[in-house]
Amino acid sequence: MGDSLFQLPDELLFTTLSHTFPCRDAQIRAVATLLHPHAAPCQNLVIHGTEATGKSAITAALLQALQEDTEKDEPLLRYVIINSIECITARHLYESTIAKVAEALQWRGAATRCDSVSQMVVELSKMLKYPSYPDKFRFVLVFDGIDRPREAPITLLPALARLSEIIPRITSVFIVTSPPASFLRTSFVPCIEFPNYTKNEFVTILNTTSLPTAPLPTTTIQETTELWNRFTAAVHDALARAASRTLPSLQHACTSLWPRFTAPILAGTHAPREFSKLMVAARVHFQDESLLDPGIVAIRSCSTTTQPQANNSAAALPSAPPSQANTPRKAGQFTTTTTPSKPKATANPFVSATTTDLSTLLPPTARLLLLASYLASHNPTRHDLVLFSTFHHGRRKRRGGLSVGTSGRGGHRGAQSKHRKIARKLLGAHAFVLERMLAIFTAVRGEWDPRWLDRDVDNTREMDADIEMAIATLASLRLLIRVGGAAAGGVAGDQMDRGGKWRCNVGWEVVRGLGRSMGVEVEEWLVE
Amino acid sequence: MAESHDDNPALFEDDDHRAVYIFTPAGHSGLPQQEKARPVKRRKVTSKRASSSVAAAEVVQEGEAETERTQTTTTTTTTTTAAAAFPRLFGGKESAEAAELRRQVFDTAWPVLDGRIKNVLREANRTTLEDVSSFIRDAEGDATRGTRIPAGFIITGPNIASQDLLFEQLSEALGKATQARFVRLRAAGAPNLKAALKKVIRDATAQVSIGGGGSDGDEDAEVAFGRDGRKYLDYDLEGLHAFLSAQQDPSKRVIVAFEDSEAFESSLLTDLLALFHSWQGRIQFSVLFGIATSVELFQARLLKSTARQLFGAKFDVVQADLVLDNVFKSAIAGTQATLRLGPTLLRNMLDRQRDQVAGIRVFISSIKYAYMCHFYANPLSVLLADEKSLTRQLLQPDHLQAVRTLDSFKAHVEAAVDARQLNHAQSLVEDDSYLVKQMAEQRLKKQDYLMQLLRSLHLLTSMDLVPGRFTDLYVSALAGGLDLTPIIDAIKRLGADDVPALINRLLTAIQTGSPDLDLPGWEDEAEDLISSLSEIRDEIEALAEQAREKGQQSLKSKFTAQSKVLRTTVVAQKVQLSQDTAKLTEEDKAFGKAIDSLVDLLTHHIYSDPIDSLFLHEAWAYDAEAPYRDVFVPRPGTTFERALTRPHGYLGCECCSKTTGTLSATLPTTCILYQLYLETGSLVNVADLWSAYYALVGEDSDVGLGEREALVRFYRGLAELRMMGFVKQSKKKADHVAKVKWLL
Ligand SMILES: Nc1ncnc2c1ncn2[C@@H]1O[C@H](COP(=O)(O)OP(=O)(O)OP(=O)(O)O)[C@@H](O)[C@H]1O
Ligand SMILES: [Mg+2]
């Protein structure tokens with residue numbers, strides 16, 4: 001041991017690691033050098049790189065290997081990995097650090113409560129500084145994703161960087177996406193970058209790590225492997241350059257395309273050698289959007305209908321293989337879910353929840369309220385009397401009134417429209433007072449809802465609990481949003497406070513659809 | 001208005017059931033005693049008519065919990081002090097036994113229905129439950145899942161509140177099917193990440209928080225889990241992990257259900273899912289989302305990177321309409337329903353289900369409320385008791401008197417007079433024992449009526465020719481009676497193959513009855529109907545056979561032939577139109593006759609009268625809409641307005657009784673201010689308001705208040721107006737208040 005000051009770990013270690021993580025040889029060696037007790041252990045180390053470049057996975061695997069490698073008669077290296085994504089608060093981070101260190105050292109009686117960095121330093125010193133350890137003992141603290149802590153003081157990172165000054169045995173490793181200059185506020189920290197992979201690297205990784213396990217029927221393993229190699233290159237060319245730049249998404253794309261790509265081989269139409277013919281046959285699938293954005297629904301239908309679904313898509317995609325039937329993650333189904341014939345909304349408000357169309361989802365009162373709040377959000381207050389008051393006319397006729405057409409005619413109105421270049425409905429929604437929206441609601445209800453036409457004006461003004469329930473529902477669906485201080489305060493903001501401020505959270509398209517479902521052209525009611 | 005005036009002020013609860021009652025301070029008994037002169041029926045309605053707001057709103061919100069609680073309390077009170085529970089009606093003259101009997105009838109009638117309804121609801125969710133459980137179970141082994149979190153999206157429809165039962169069942173079923181720990185999250189109970197995690201951990205470990213249930217408090221409590229008793233922060237999933245390890249739970253599954261997913265902040269969902277995903281190897285998290293709108297809308301609110309962490313499947317809950325239909329059939333239309341709800345009320349309830357965001361729960365509560373109202377407030381509801389308990393002694397003269405005031409009694413007597421049954425009419429009016437006998441007979445008639453109604457409905461619906469839903473059909477049958485007219489045309493247009501099928505459907509309907517309606521088959525009572533139907537069927541089949549032998553394609557009747565066939569033939573380049581009415585064969589004619597006789601037969605058997613045509617229907621049908629609306633759809637705004645414009649309705653004082661909507665110095669301050677408020681513009685100058693007020697009540701007026709006193713009252717009144725949401729502080733001018741009301 002004493003014969004050489006600098007000694008790198010066994011070459012075998014690197015070979016096995018490089019085998020599991022191809023194309024990262026240089027980084028693995030660099031990190032190993034900077035962490036290995038017999039090599040050149042450093043105090044702080046920054047590992048950075050973009051998403052899914054193997055930072056976490058490689059660090060963890062390497063440290064495990066190093067720990068086993070140095071484990072001769074006495075422990076020389078111990079490590080813990082703290083994933084800051086899992087830490088909710090700063091205190092949580094400190095406490096789980098201490099707990100993990102104690103566990104790694106099999107230390108009993110570490111304090112459980114720890115509120116600040118200094119307390120953590122004290123605790124760590126107790127465990128690492130004062131007890132005696134072998135000569136070259138190193139302790140590695142890995143802070144993964146430490147640039148995205150949920151709730152942490154700004155001094156956290158510099159303080160963590162100082163740890164190794166106070167406790168010389170410690171090496172702190174910071175895994176971040178991209179390090180801002182001198183964010184640790186200490187001089188010279190070695191940084192190791194994990195760059196994103198190039199095309200060749202991607203292909204190599206895919207070829208070594210995610211080979212199809214079973215060879216295709218009627219072909220040899222050799223042929224399958226060859227085909228897979230050419231296939232992954234093709235997928236990379238088709239997708240990775242444009243959109244899917246990370247290894248997992250590329251992997252996902254490859255595995256979900258593979259069955260469809262090899263379908264002609266299974267069907268016996270093409271031989272595995274005829275790569276270009278296979279490519280031509282599979283071209284439609286390469287254009288499938290769901291490869292890049294798989295969506296949240298992986299299994300479209302869960303009960304007995306899985307089988308017919310598969311048949312459906314087999315019909316739609318001519319060369320869909322039968323083997324797809326048991327992997328129902330289907331392409332294109334997302335785009336084909338538009339219901340062919342929409343049932344009449346009033347007859348059955350809850351029917352067909354698969355559409356994005358709100359008009360089939362909401363009962364009439366809620367729809368009216370949503371329309372009223374859209375008007376309240378998008379019409380200026382000063383026009384309310386003109387638009388909605390029933391005071392002077394008794395009941396007004398439908399006015400094709402104040403929209404674009406007429407606004408050009410009136411003299412001063414024309415002048416006004418010169419100022420406003422952008423249509424109001426394209427602008428964001430303004431906040432409105434609840435009471436105003438309710439007034440608009442009662443006004444338009446009298447005109448739009450045939451059942452309210454014959455009631456006398458006094459009666460239409462009343463607000464009942466059903467309407468309040470509808471407002472509460474719309475709010476809980478986030479179609480109406482409470483704004484202002486009261487919304488955040490929670491306790492202070494009573495939802496039913498008539499003076500409260502709200503905003504409509506649906507767009508013009510949706511509102512137009514909603515209006516049409518009730519036979520109303522909302523456009524006519526917007527002041528341009 | 002009060003039903004009776006209770007002398008004992010200690011029994012305060014007695015007044016609680018009344019929406020509004022006159023407040024009489026001690027020594028001030030100016031209560032008008034006109035009540036006793038009123039007929040019973042009207043009183044029932046008026047007692048409930050007055051609108052209430054606060055109490056009613058509570059009823060709606062508390063919903064099931066409330067009714068559950070009242071039920072338990074009422075059952076306990078029956079055992080101890082029975083009479084205290086249901087007040088004696090007839091102005092207190094009702095016998096205690098009668099009141100007690102009413103209560104008993106209610107106590108037996110409701111639980112039957114309640115059980116049936118619960119059954120329907122549980123049944124409705126069954127397939128969803130099975131699907132979700134199997135998905136969660138299978139997702140574990142699914143190779144395509146990777147490290148993604150299994151996520152079930154349950155499309156529940158906009159009324160999330162009514163899905164409480166579904167999630168309860170889910171937690172039961174999934175706990176059983178997968179040995180998982182089930183945690184239910186609602187947006188209101190989980191405002192931020194910490195609170196949500198605390199709830200997840202607390203529920204999954206089924207431990208009570210040490211901090212005493214302060215779920216969103218900032219105090220970070222610690223909990224000890226695991227064998228070594230290490231303490232963990234109560235939002236640390238490590239703790240959950242330690243707990244599950246200590247439980248020797250090999251699967252370590254936790255299912256988190258987001259009941260109202262849309263109401264959660266997107267960022268909170270993102271954080272939680274990222275966290276669950278990061279823990280995926282150690283704790284098997286699965287998530288369920290209750291989705292009110294659609295998966296697509298929900299996905300649009302999530303980050304793509306979050307979406308990539310989910311392995312989702314979509315589940316639909318049985319449509320609310322279908323559930324409503326089933327509940328309606330078993331609880332309202334079915335034979336088990338003791339009380340018939342009348343058409344007006346039903347229409348109202350159904351409309352509300354369709355137009356408003358009102359879940360099935362509200363519907364069920366409404367049914368229960370109708371039962372409660374009927375038995376609580378209608379002394380004649382005692383007639384619904386079975387024969388054994390309803391003895392002659394129990395019927396007091398007041399009961400008979402009450403019967404004689406009924407509208408249906410009047411109609412019945414008048415009909416008797418018209419039909420020249422003068423003796424009958426006279427005895428009804430004068431002879432008590434005759435009336436009692438008639439009432440007993442009426443019981444059977446009611447039974448017959450209901451049977452006839454339900455059987456007719458069942459036959460009608462089983463023919464599959466009626467458009468519209470069962471609920472609408474039932475309501476219109478109650479309101480205006482029922483007969484075959486609407487579908488006669490449809491029957492006549494049927495072809496030769498369809499008619500036997502139709503008859504077969506009718507025959508099975510008669511045989512099996514309807515389990516939904518709890519209607520048994522009535523084969524033995526309908527022998528002649530069955531035989532005539534089979535005859536017609538056999539005849540038509542024979543005719544069709546004959547026609548086929550003769551080479552005719554299909555039978556047509558006179559009804560179908562005319563409308564259909566217009567022949568065009570081209571003869572010598574001219575188009576000839578010819579109608580082939582004349583071409584009916586012998587068989588066709590016979591077929592037409594058979595259909596005629598079928599229609600005749602059915603017309604004979606399918607009929608029903610409107611419910612209010614029955615004598616004494618008031619005793620077993622409840623059709624008051626006002627109490628229902630007041631309780632379930634309260635209108636606080638209107639109530640405030642009414643109280644402020646006409647306070648004497650509540651205060652019962654004489655001084656203000658003449659001022660309706662006009663100013664008077666004797667009115668309470670807030671009312672005066674409200675009147676003044678109505679006359680102002682949108683910004684109210686407080687100084688002006690004060691001077692107007694002081695001019696009215698000041699030293700020079702008849703009330704003659706001193707300035708200090710008036711000022712105190714003024715401020716209090718203004719503060720009350722603000723409390724009720726009429727005015728608010730204006731930001732524009734310091735000494736002004738702004739009107740909150742818009743376009744008034
Ligand atoms: N060179 C490689 N060979 C094989 N697998 C790799 C390689 N690089 C990354 N991976 C795989 O990619 C996945 C993502 O890697 P990892 O989580 O380490 O990325 P990361 O850099 O930490 O990303 P992030 O910045 O998002 O935390 C892992 O499953 C890992 O095994
Ligand atoms: Mg990482």
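Residues numbered from 1 in each chain as written. Chains lettered and ligands numbered in written order. Predicted model: local features only at pLDDT ≥ 70, side-chain atom pairs only at ≥ 80, totals over all residues. Heavy atoms only, no water.

- Identification of chain B as Origin recognition complex subunit 3 N-terminus-domain-containing protein from Pseudoneurospora amorphoporcata is taken from an unreviewed UniProt entry.
- Reading the Sequence similarities (unreviewed entry) entry of the UniProt record for chain B gives the comment "Belongs to the ORC3 family." (UniProt positions renumbered as here; feature names shortened; annotations may be inferred.)

- The name given to chain A in an unreviewed UniProt entry is Origin recognition complex subunit 5 C-terminus-domain-containing protein, with Pseudoneurospora amorphoporcata as the source organism.
- According to the UniProt record, the Sequence similarities (unreviewed entry) comment for chain A reads "Belongs to the ORC5 family."
- Quoted verbatim from the Subcellular location (unreviewed entry) heading of the UniProt record, the comment on chain A is "Nucleus".

Considering the overall build of chain A
Part 1 of the argument: Within chain A, the secondary structure is distributed over 23 helices and nine strands.
Part 2 of the argument: Entry remark: accessible area of chain A is about 24,700 Å², with carbon and sulfur atoms responsible for 56%. (Helix = DSSP H or I, 4+ residues; strand = E, 2+ residues; numbered from the N terminus. Areas by Shrake-Rupley, 256 points an atom, 1.4 Å probe, with all protein chains shown as cover.)

What about a negative patch on the surface?
Part 1 of the argument: Taken together, E523(B), D524(B), E527(B) and D528(B) make up a surface patch of like negative charges.
Part 2 of the argument: Classification of E527(B) by relative accessible area gives exposed; the value is 55%. (Patch = residues over 30% accessible without salt bridge, like charges linked within 9 Å, V, L, I, M, F, W, Y side chains within 5 Å. Salt bridge = Lys/Arg side-chain N within 4 Å of Asp/Glu carboxyl O. Lys, Arg positive; Asp, Glu negative; His and termini not counted. Charge placed at Lys NZ, Arg CZ, Asp CG, Glu CD. Buried < 20%, exposed > 50% of the residue type's maximum accessible area, 1.4 Å probe, protein only.)

Brief notes about the pairing of strand β1 (residues 44-49) of chain A
All names here are of chain A.
Part 1 of the argument: Most of β1 is tucked away: six of the six residues are buried.
Part 2 of the argument: Side-chain alternation along β1 places N44, V46 and H48 on one buried face and L45, I47 and G49 on a second face that is also buried.
Part 3 of the argument: Direction of pairing for β1 relative to strand β4 (residues 170-176): parallel, over a ladder of five bridges. The partner of H48 across the bridge, within β4, is V176.
Part 4 of the argument: Pairing of β1 with strand β5 (residues 191-194) involves four bridges; the strand directions are parallel. Bridging from a neighbouring strand, I47 pairs with I192 of β5. (Pairing = 2+ DSSP bridges.)

Observations regarding the pattern of salt bridges
Part 1 of the argument: Per the counting criterion, the structure on display carries 41 salt bridges over all chains.
Part 2 of the argument: Notably, a salt bridge pairs E265(B) with R478(A), separated by 3.8 Å at the nearest N-O pair. Linking E265(B) in the loop between β5 (253-258) and α10 (266-278) with R478(A) in the loop between α21 (465-476) and β8 (480-482), this pair reaches from one chain into another.
Part 3 of the argument: With relative accessibility at 39%, the residue E265(B) sits in the partly exposed group.
Part 4 of the argument: Classification of R478(A) by relative accessible area gives partly exposed; the value is 26%.
Part 5 of the argument: Two residues, D114(B) and K118(B), come together in a salt bridge whose shortest N-O distance is 3.3 Å. Of this pair, D114(B) and K118(B) both sit in helix α5 (residues 96-124), four residues apart, which is roughly one turn of the helix.
Part 6 of the argument: Residues joined by salt bridges that share partners form a network here, namely D164(B), R184(B), R186(B), E259(B) and D260(B).

With respect to the packing of helix α1 (residues 11-20) of chain A against helix α2 (residues 25-35) of chain A
Residues and elements named next belong to chain A.
Part 1 of the argument: Packing of α1 against α2 leaves a shortest axis separation of 10 Å and a crossing angle of 140°. By the angle between their axes, α1 is oblique relative to α2. The two elements α1 and α2 cross, and the hand of that crossing is right-handed. Packed against α1, whose contacting residues are E11, F14, L17 and S18, the element α2 presents D25, I28, R29 and A32 at the interface.
Part 2 of the argument: Taken together, the residues that form the contact of α1 with α2 break down as four nonpolar, one polar and three charged. (Axes fitted to C-alpha atoms, helices over the stretch in contact; angles between N-to-C directions. Parallel < 35°, antiparallel > 145°, perpendicular 65-115°, else oblique. Left-handed = near helix turned anticlockwise from the far one by under 90°. Contact = heavy atoms within 4.5 Å. Nonpolar A, V, L, I, M, F, W, Y, C, P; charged D, E, K, R; others polar.)

Some remarks on the site of ligand 1
All names here are of chain A.
Part 1 of the argument: Near ligand 1 lie 16 residues; those nearest to it are A52, K55, S56, A57 and Y197.
Part 2 of the argument: The separation between a nitrogen atom of ligand 1 and a polar main-chain atom of P22 is 2.9 Å.
Part 3 of the argument: For ligand 1, the protein covers 73% of the area, taking 630 Å² as the surface of the free molecule.
Part 4 of the argument: The set of elements that each furnish at least two residues to the shell around ligand 1 consists of α3 (55-70) and α7 (199-209).
Part 5 of the argument: Of the residues forming the shell around ligand 1, the biggest block, three residues, is contributed by α3.
Part 6 of the argument: Class assignment of the residues belonging to the shell around ligand 1 gives a composition of seven nonpolar, six polar and three charged.
Part 7 of the argument: Each of domain 1 (11-194) and domain 2 (199-348) contributes no fewer than three residues to the shell around ligand 1. (Near = heavy atom within 4 Å. Polar contact = N/O pair within 3.5 Å; in protein donor to acceptor, adjacent residues only side chain to side chain. Domains from an automatic or database assignment.)

Examining the UniProt feature "coiled-coil region" (unreviewed entry) in chain B
Part 1 of the argument: Summarizing the sequence annotation, UniProt attributes the feature "coiled-coil region" (unreviewed entry) to residues 526-553 of chain B in the numbering used throughout.
Part 2 of the argument: The span residues 526-553 of chain B shows a helical share of 82% and a strand share of 0%, and its end C-alpha atoms are spaced 35 Å apart.

Observations concerning the sheet that holds strand β14 (residues 736-739) of chain B
All names here are of chain B.
Part 1 of the argument: The three strands lie next to each other as β12-β14-β13, forming an open sheet whose pairing is antiparallel. The open sheet is flanked by β12 (683-685) and β13 (727-729), the only strands paired with a single partner. For this sheet, the mean inter-axis angle between neighbouring strands, taken without regard to orientation, is 40°.
Part 2 of the argument: Packing against the sheet, helix α31 (residues 686-697) makes contact with β12 and β14, and its axis sits at approximately 60° to β12.

A few points about the packing of aromatic side chains
Part 1 of the argument: All chains considered together, the criterion is met by 38 aromatic pairs over all chains.
Part 2 of the argument: Taking 6.3 Å as the distance between ring centres and 45° as the angle between the ring planes, the aromatic pair formed by W690(B) and Y693(B) counts as tilted. Taken together, the residues W690(B) and Y693(B), both in helix α31 and three residues apart, mark about one turn of the helix. Grouping residues by exposure puts W690(B) and Y693(B) together as buried.
Part 3 of the argument: Here the aromatic cluster, defined as three or more aromatic residues joined through ring pairs, consists of W228(A), F231(A), W258(A), F261(A) and F275(A).
Part 4 of the argument: Over the ring of W279(B) we find R282(B), and its NZ or CZ is 3.9 Å from the ring centre. (Phe/Tyr/Trp six-rings, centres within 6.5 Å; stacked < 30°, edge-to-face > 60°. Lys NZ or Arg CZ within 6 Å of the ring centre and 35° of its normal.)

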